[in-house]
Amino acid sequence: MTSRLNKFERFYLKNKLIINCAILLALFFVHCFWGYTMYIVYPIILALVIFDNLRNGFSYLMFTIPFSTLCLNISAILFAACVLIYILKFYWILYIREKSKPNIALLVSIGAFLVYCALPTGKYNANLFAKLAILFLIFTCVIMIIKKPNVIRLGFNIKILSVSLLLSCLLFLTYFISPYLQSFITFDMASDKIRRFEAFLTQPNVFAMMCEILLAALAYFIISKQASWKEYSLFILLTIAGLTTFSKTFLIIVCVIYFAIFVSWLIKSPIKTLVITSIAVGIIVIIGVFNMKLVMVFYNRFMGGFKYCNSFADFMNMITTGRAHLWIVYLSYLGENPLALFFGRGLGAPLLDVYSAHNSFISMIYQLGLVGVALFVVAIVFMVLEFKKNNKYKLNKAICLPWIVLTLMLMVEDLVFYIFTF
């Protein structure tokens, strides 16, 4: 009996992360039918975060992200509590137990930026506190990458998040038999009344953005020749999943990513690349021939409004899905209000139009002003210097692709600086 128990213990310890994630997945499956399961699953996640090591704790949180808005308000709060406990545990281990020497200049620059964000330059509301928390989380992740890259395990956790996102897509199919999910999930509709897929992430564009980030990260490993069949499989599946959102931004960004991979392969192996590309294009053409309705949905989604364009402004609004109008509204306001331009209206700033600016650069200036942007840039500079000081290895040039994708996303989405209406 003892030997069997020891074998079981060894098996569990060796596969602890996979087994625990499988248990969480089973509980999320039950959650799709019975919402109160969240009061079981999140205490378990909290226990795993507290009692398991930092490496696994981070992976559990990554695995949970696609399910964290399954019941939007309560589950998001419970997940945020788990993240907070993990952050406190990380800083306690880093600075108290291990007595790691902090970079005072880095901490002061981050602190100065966060303090500025909290100044009463505008309203104090849920927007302000939520954004402060997210910014603090982002800075913490950067410090983890700098101080403990072996804990954050970017490559491994990108795969964990990718698998979790795809599994959440499968569990979302329970919507069609689950009265619980049907009670609060509504679909955004594309042209021809086709549903835009969103999984559990509340909005198709949010799901599309997560796919974009993961595809850019996986493309880095593909271009830098660090990818196995696992990365290629996840890359293809995430591309298919992202296309179901019928997002213009996703299609543009995925084209940029695939073009970058095509160019890198063409340079290294032109004949093989052309053969593979020809086969892929052939498959796409065959799918299009047998499903013209789907082709027309994409066409109408992306080019259907062209016939209604009577000016350059109309054209810009068409290709940006109305974002160009929002950019003009917010930039005009900043031009007419020098105080807002320099000092911002605070992270709790109100909407100027019926929507947020849908541009992170404009939103950041609108909310924090040029002074806040300058403080943010200073913090970024210190983080880059600290990273170079603590990490001597060289990154592959392919790292430029994720940064290009992130820049494109920042140009058309608010991300951290989105203004919610409550």
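All values derive from a computational prediction rather than experimental measurement. (Residues numbered from 1 in each chain as written. Predicted model: local features only at pLDDT ≥ 70, side-chain atom pairs only at ≥ 80, totals over all residues. Heavy atoms only, no water.)

1. Quick word on the overall build of the protein chain
Broken down by element type, the protein chain carries 20 helices and 2 strands. For 422 residues, the compact-globule formula gives about 22 Å, and the C-alpha radius of gyration of the protein chain, at 23 Å, lands near that figure. For the protein chain, the spread of C-alpha atoms along the principal axes amounts to about 80 × 60 × 50 Å. By the burial criterion, 42% of the 422 residues in the protein chain qualify as buried. Partitioning the intrachain contacts of the protein chain with sequence separation of at least 6 by distance along the chain shows that 73% fall at a separation of at least 24. A total accessible area of about 22,700 Å² is found for the protein chain, and carbon and sulfur atoms account for 74% of it. Where the 34 positive side-chain charges of the protein chain centre and where its 14 negative ones centre are 12 Å apart. (Helix = DSSP H or I, 4+ residues; strand = E, 2+ residues; numbered from the N terminus. Rg over C-alpha atoms; globule rule 2.2 N^0.38 Å. Buried < 20%, exposed > 50% of the residue type's maximum accessible area, 1.4 Å probe, protein only. Contact = heavy atoms within 4.5 Å. Areas by Shrake-Rupley, 256 points an atom, 1.4 Å probe, with all protein chains shown as cover. Lys, Arg positive; Asp, Glu negative; His and termini not counted. Charge placed at Lys NZ, Arg CZ, Asp CG, Glu CD.)

2. With respect to the pattern of salt bridges
Pairing is possible between side chains of opposite charge, provided their charged atoms come close. On inspection of all chains with the given rule, the structure shows 5 salt bridges. Put simply, E386 and K147 hold a salt bridge, and the shortest N to O gap is 3.6 Å. You can see E386 sitting in helix α19 (residues 360–390) and its partner K147 sitting in helix α7 (residues 126–147), a full 239 residues away along the chain. A residue is classified by how much of its surface remains accessible, and E386, at 3% relative accessible area, is buried. The partly exposed category is assigned to K147, whose relative accessible area is 23%. (Salt bridge = Lys/Arg side-chain N within 4 Å of Asp/Glu carboxyl O.)

3. Digging into the state of the cysteines
Counted by the stated rule, this structure contains 0 disulfides. The cysteine C82 is free of any disulfide, with C21 supplying the nearest cysteine sulfur at 14 Å. For C82, a relative accessible area of 2% translates into the label buried. (Disulfide = S-S within 2.5 Å.)

4. Some points on the environment of L266
Its place among the elements puts L266 in helix α13 (residues 248–268). With a relative accessible area of 30%, L266 lands in the partly exposed category.

5. Details of the packing of aromatic side chains
In this structure the tally under the stated criterion is 25 aromatic pairs. Members of the aromatic cluster, each reached through a chain of ring pairs, are F28, F63, F67, F172, Y175, F176, F197, F200 and F207. (Phe/Tyr/Trp six-rings, centres within 6.5 Å; stacked < 30°, edge-to-face > 60°.)

6. Remarks on the packing of α13 against helix α20 (residues 400–412)
Any two packed helices are characterised by the angle at which their axes cross and by the distance between the axes. Put simply, α13 and α20 touch, their axes get as near as 11 Å, and they point 165° apart. When the axes of α13 and α20 are compared, the pair comes out roughly antiparallel. Between α13 and α20 lies a crossing whose hand is right-handed. Of the residues in α20, those touching α13 at T249, I253, V256, I257 and A260 are L401, V405, L408, M409 and V412. (Axes fitted to C-alpha atoms, helices over the stretch in contact; angles between N-to-C directions. Parallel < 35°, antiparallel > 145°, perpendicular 65-115°, else oblique. Left-handed = near helix turned anticlockwise from the far one by under 90°.)

7. Some remarks on the side chain of S363
Structurally, S363 is set in helix α19. Here S363 falls in the buried class, since its relative accessible area comes to 2%. Once you skip the residues sitting within four places of it in the chain, S363 turns out to touch S356, A357, H358, D414 and F417.

8. Thoughts on the packing of helix α11 (residues 204–223) against α13
Where α11 contacts α13, the axes come no closer than 10 Å and their chain directions differ by 5°. It follows that α11 is roughly parallel to α13 by the angle criterion. Where α11 abuts α13, its residues A208, C211, E212, L215, A216, A219, I222 and I223 lie against T249, F250, I253, V254, I257, A260, I261, S264, W265 and K268. Classifying every residue of the contact of α11 with α13 by side-chain character gives 14 nonpolar, 2 polar and 2 charged. (Nonpolar A, V, L, I, M, F, W, Y, C, P; charged D, E, K, R; others polar.)

9. Points about unusual backbone geometry
Located in the positive-phi region is A199, a residue other than glycine, with phi close to 55°. Tracing the backbone through its elements, the reader meets A199 in the loop between β2 (195–196) and α11. Its relative accessible area of 1% is what places A199 among the buried residues. Of note in the backbone geometry, L415 takes a positive phi value of approximately 50° without being a glycine. Tracing the backbone shows L415 in the segment after α20.

10. Description of the confidence of the model for the protein chain
Here the protein chain averages 87 in pLDDT, while 93% of its residues score no lower than 70. Element-level mean pLDDT values for the protein chain span from 66 in helix α1 (residues 2–14) up to 95 in helix α4 (residues 54–64). (pLDDT = per-residue confidence, 0-100.)

11. Describing helix α17 (residues 323–336)
With 14 residues, α17 extends 20 Å between its outermost C-alpha atoms, agreeing within 8% with the 20 Å of an ideal straight helix rising 1.5 Å per residue. For α17, the full list of buried residues reads R323, A324, L326, W327, Y330, Y333 and L334. (Expected span 1.5 Å × (residues − 1).)

12. A word on the nonpolar core
One finds I45, F207 and I257 to be the most contacted residues of the largest nonpolar core, which totals 97 residues. In terms of residue count, α11 provides more of this core than any other element does, 15 residues in total. Residues in contact with F207, not counting those within four places in the same chain, are L165, C169, F197, E198, A199, L201, A241, G242, T244 and T245. Formed by 12 residues, the second largest nonpolar core is a distinct cluster that contains Y330, A349, A357 and I362. (Core = buried A, V, L, I, M, F, W, Y, C linked by side-chain atoms within 4.5 Å.)

13. Digging into the environment of V378
Locating V378 in the fold gives a position in helix α19. Accessibility expressed as a relative area gives 38% for V378, which makes it partly exposed.

14. What about the environment of T249?
One can find T249 in helix α13. Sequence-wise, T249 and G111 are 138 residues apart; in three dimensions their C-alpha atoms are separated by 34 Å.

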